[in-house]
Amino acid sequence: MPYCPILATLGYVMAPDGRSALMIHRNTRPDDHHYGKYNGLGGKLEAHESVLGGLRRELFEEAGLAVERAVLRGTISWPGFGKNGEDWFGFVFKVEAWTGTPLEGNPEGTLEWVPVERILQGDLNLWEGDRHFLPLVFDGDPRPFHGVMPYQDGRPVSWEVERA
């Protein structure tokens with residue numbers, strides 16, 4: 001059976017000093033599948049756009065920022081991740097240069113600059129599986145990572161990753 005996931009972008013916008021990332025705290029809609037969680041910015045690709053174009057659109061819509069430089073840090077296949085068990089496939093970026101003034105929030109939640117150290121510590125309310133790939137987003141290895149993280153009942157069941 002063909003694998004037909006929802007394609008999405010996930011961007012971690014870095015502060016000019018590189019020590020913090022802009023994250024959304026999904027705290028406005030209790031019916032949101034992501035309610036209460038911190039996440040990078042991004043979302044579903046539209047049929048007419050490239051992956052980078054989708055990232056640019058999402059960051060402008062969600063944060064009011066124009067992407068100047070984004071580095072693809074990796075890809076992740078998330079079988080079963082969606083609210084109703086849909087498969088997702090994400091392109092994960094580190095946004096190193098941008099213009100504009102970040103919005104304070106959007107209809108999904110508040111935007112907050114979170115120190116990378118805190119993101120990696122484990123005290124933020126993140127998706128459980130994010131703890132596996134976030135160190136790869138922020139490390140110094142220039143090679144992109146490519147991972148598979150199947151989900152079942154809202155939880156990751158395994159994690160496989162490689163770099164080339």
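Bear in mind that the values here come from a model prediction, so they are computed numbers and not experimental data. (Residues numbered from 1 in each chain as written. Predicted model: local features only at pLDDT ≥ 70, side-chain atom pairs only at ≥ 80, totals over all residues. Heavy atoms only, no water.)

Student: Is there a simple way to explain the overall build of the protein in this structure?
Tutor: Scanning the protein from N- to C-terminus turns up three helices and 11 strands. The linear arrangement of helices and strands in the protein, starting from the amino end, is β-β-β-α-β-β-β-β-α-α-β-β-β-β. Projecting the C-alpha coordinates of the protein onto the three principal axes gives extents of approximately 45 × 40 × 40 Å. For the protein, the proportion of its 164 residues judged to be buried stands at 46%. (Helix = DSSP H or I, 4+ residues; strand = E, 2+ residues; numbered from the N terminus. Buried < 20%, exposed > 50% of the residue type's maximum accessible area, 1.4 Å probe, protein only.)

Student: Hey, could you run me through the packing of aromatic side chains in this one?
Tutor: Counted by the stated rule, this structure contains 10 aromatic pairs. An angle of 75° between the planes, with centres 5.7 Å apart, marks the rings of Tyr 12 and Phe 138 as edge-to-face. One end of the pair, Tyr 12, is in strand S1 (residues 6-14); the other, Phe 138, is in helix H3 (residues 130-138), and 126 residues separate them in sequence. The two residues Tyr 12 and Phe 138 agree in class, both being buried. These aromatic residues form a ring-pair network of at least three members: Trp 78, Phe 81, Trp 88, Trp 127, Phe 133, Phe 145 and Tyr 151. Sitting over the ring of Trp 127, Lys 37 keeps its end group 4.9 Å from the ring centre. (Phe/Tyr/Trp six-rings, centres within 6.5 Å; stacked < 30°, edge-to-face > 60°. Lys NZ or Arg CZ within 6 Å of the ring centre and 35° of its normal.)

Student: Is there a simple way to think about the side chain of Asp 130 in this case?
Tutor: As for its placement among the helices and strands, Asp 130 is situated in helix H3. One buried charge, Asp 130, has no salt-bridge partner; the nearest side chain with opposite charge is Arg 131, at 7.8 Å. If sequence neighbours within four positions are ignored, Asp 130 has contacts with Tyr 12, Asn 39 and Pro 135. (Lys, Arg positive; Asp, Glu negative; His and termini not counted. Salt bridge = Lys/Arg side-chain N within 4 Å of Asp/Glu carboxyl O. Contact = heavy atoms within 4.5 Å.)

Student: What is the right way to look at the nonpolar core in this model?
Tutor: One recurring pattern in soluble globular proteins is that nonpolar side chains are buried together. In terms of nonpolar packing, the biggest core is built from 26 residues, with Tyr 12, Trp 78, Phe 133 and Phe 138 touching the most fellow members. Elements that contribute at least two residues to this core include exactly S1, strand S2 (20-25), strand S4 (66-78), strand S5 (88-99), helix H2 (116-121) and H3. At five residues, the largest contribution of residues to this core is made by H3. Formed by 13 residues, the second largest nonpolar core is a distinct cluster that contains Val 13, Ile 24, Leu 55 and Leu 59. (Core = buried A, V, L, I, M, F, W, Y, C linked by side-chain atoms within 4.5 Å.)

Student: Could you clarify how one ought to interpret the environment of Gly 154 in this entry?
Tutor: With respect to the helices, strands and loops of the structure, Gly 154 is situated in the loop between strand S9 (151-152) and strand S10 (155-156). The partly exposed category is assigned to Gly 154, whose relative accessible area is 36%. Between the C-alpha atoms of Gly 154 and Leu 10, which are 144 residues apart in sequence, the distance is 19 Å.

Student: It is not clear to me how unusual backbone geometry should be interpreted in this structure. Could you clarify?
Tutor: The bulk of non-glycine residues show a negative phi, and the bulk of peptide bonds are trans. Positioned with a positive phi, Asp 153 is a non-glycine residue whose angle comes to about 55°. Examined against the element boundaries, Asp 153 turns out to sit in the loop between S9 and S10.

Student: I keep staring at helix H1 (residues 51-63) and nothing clicks. Help me out?
Tutor: An α-helical segment advances 3.6 residues per turn. Residues three or four places apart therefore align on the same side. Look at H1: 18 Å from first C-alpha to last across 13 residues, which is about the 18 Å you get at 1.5 Å a residue. All of the buried residues in H1 are Gly 54, Leu 55, Arg 57, Glu 58, Leu 59, Glu 62 and Ala 63. If you follow the buried residues of H1, they end up packed against S1, S2, S4, S5, strand S6 (105-106) and strand S7 (109-115). One or two positions beyond H1, positive phi appears at Gly 64, with a value near 75°. (Expected span 1.5 Å × (residues − 1).)

None of the figures reported here should be taken as evidence of function without further support.
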